[in-house]
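What the coordinates show
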Amino acid sequence: MSKRIVDCRGLACPRPVLETRSALQNAGESTVEIIVDNAVARENVSMFLNNAGEKYTCAEKDGLYYITVTRNSQSAAPAPAEQPAGGSASAPAYLITTSTLGQGAPDLGQTLMKSLLVTLAESDPAPRALLFLNSGVFLTCQGSPVLEQLEKIQQKGTTIISCGTCLDYYKLKEKLTVGQVGNMLQIKELLTAAGQAITIA
């Protein structure tokens, strides 16, 4: 069985996931080894492989991560980014790029953001997805004033994703409380799926 090496060292999100997807689409019955040099890329590639139904192993050596996928005739074709488990396919997805809503007084902006999420928690159907980027990731982490609302929304089947690169930048990865870590490919797929996309900035 042939082996293909996909060297993703030094590549920023979402390139490691995109390179992995491309390699698997053309892999056939072979082994694909993906090399990444940071934990965020390892998690993003691993999440993609899990969503795609691929079997893989991951080993660390000298600061590098070696993710090995073995394909055979029964291997599933790579799947797109994870789709929401519940809610209407026509319901909107919200891209939230800040921890406050609107410009002006921060305390007012925090109140308005909480009011928005309270409203979304009571919406029927629930949002298709809530996607958090930049300082928006503070809302999904420990100490956020809107965790109760986000948990209620998630229980309705809404997909909640926080950008892994953003969590890493703000050193919040270990404080994520609601939803899952995601990458830009997942966020793009959810934004461009059927239904409206609304940006909260």
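The structure contained in this document is the topic of the report that follows. (Residues numbered from 1 in each chain as written. Predicted model: local features only at pLDDT ≥ 70, side-chain atom pairs only at ≥ 80, totals over all residues. Heavy atoms only, no water.)

**Structural notes on the overall build of the protein**
Helices and strands together make up the secondary structure of the protein, namely six helices and nine strands. By its C-alpha atoms, the protein is 60 × 35 × 25 Å across when sized along the principal axes. A total of 201 residues make up the protein; the buried ones form 45% of that total. Restricting to contacts in the protein with at least 6 residues of sequence separation, those with at least 24 account for 75%. (Helix = DSSP H or I, 4+ residues; strand = E, 2+ residues; numbered from the N terminus. Buried < 20%, exposed > 50% of the residue type's maximum accessible area, 1.4 Å probe, protein only. Contact = heavy atoms within 4.5 Å.)

**Topic: the packing of aromatic side chains**
Tallying each qualifying case throughout the model produces two aromatic pairs. When the ring of Tyr169 is compared with that of Tyr170, the centres are 5.1 Å apart and the planes differ by 90°; the resulting orientation is edge-to-face. Taking the ring centre of Tyr65 as reference, the NZ or CZ of Arg42 above it sits at 4.7 Å. (Phe/Tyr/Trp six-rings, centres within 6.5 Å; stacked < 30°, edge-to-face > 60°. Lys NZ or Arg CZ within 6 Å of the ring centre and 35° of its normal.)

**Quick word on the packing of helix H3 (residues 106-121) against helix H4 (residues 147-155)**
Two elements in contact, H3 and H4, have axes whose closest approach is 9 Å; the angle formed by their N-to-C orientations is 25°. The angle between H3 and H4 places the two elements in the roughly parallel class. In this structure, the crossing between H3 and H4 has a hand that is left-handed. Two secondary-structure elements touch here, H3 through Lys114, Leu117, Val118, Leu120 and Ala121 and H4 through Gln149, Leu150, Lys152 and Ile153. Partitioning the contact of H3 with H4 into residue classes produces six nonpolar, one polar and two charged. (Axes fitted to C-alpha atoms, helices over the stretch in contact; angles between N-to-C directions. Parallel < 35°, antiparallel > 145°, perpendicular 65-115°, else oblique. Left-handed = near helix turned anticlockwise from the far one by under 90°. Nonpolar A, V, L, I, M, F, W, Y, C, P; charged D, E, K, R; others polar.)

**Let's talk about unusual backbone geometry**
Of note, the amide linkage connecting Cys13 to Pro14 takes the cis form, showing an omega dihedral of 10°. If you trace the backbone, Pro14 turns up in the loop between strand E1 (3-7) and helix H1 (15-25). At the junction of Asp124 and Pro125, the peptide bond is cis and its omega measures out at 5° in the coordinates. Of note, Pro125 is situated in the loop between H3 and strand E6 (129-132). Here the phi dihedral of Asp62 falls at roughly 55°; this positive angle occurs in a residue that is not glycine. Judged by its relative accessible area of 72%, Asp62 is exposed.

**With respect to the side chain of Arg128**
As for its position among the elements, Arg128 is in the loop between H3 and E6. An unpaired buried charge is present at Arg128: no salt bridge exists, and Glu189, the closest side chain of opposite charge, is 9.4 Å distant. In this structure the side chain of Arg128 is engaged in a polar contact, spanning 2.8 Å, whose partner is the backbone oxygen of Ala91. (Lys, Arg positive; Asp, Glu negative; His and termini not counted. Salt bridge = Lys/Arg side-chain N within 4 Å of Asp/Glu carboxyl O. Polar contact = N/O pair within 3.5 Å; in protein donor to acceptor, adjacent residues only side chain to side chain.)

**Some words on the sheet that holds strand E5 (residues 93-96)**
Strand order in the open sheet made by the five strands is E8-E7-E6-E5-E9, with parallel pairing throughout. In this open sheet, the two edge strands, each paired with only one partner strand, are strand E8 (180-182) and strand E9 (197-200). Each strand axis lies, on average, 25° off the axis of its neighbour in the sheet, ignoring direction. Bridge count for E5 against E6 is four bridges, and the pairing is parallel. Across the sheet, Ile96 pairs through a bridge with Phe132, a residue of E6. (Pairing = 2+ DSSP bridges.)

These values are about where atoms sit, not about what they do.
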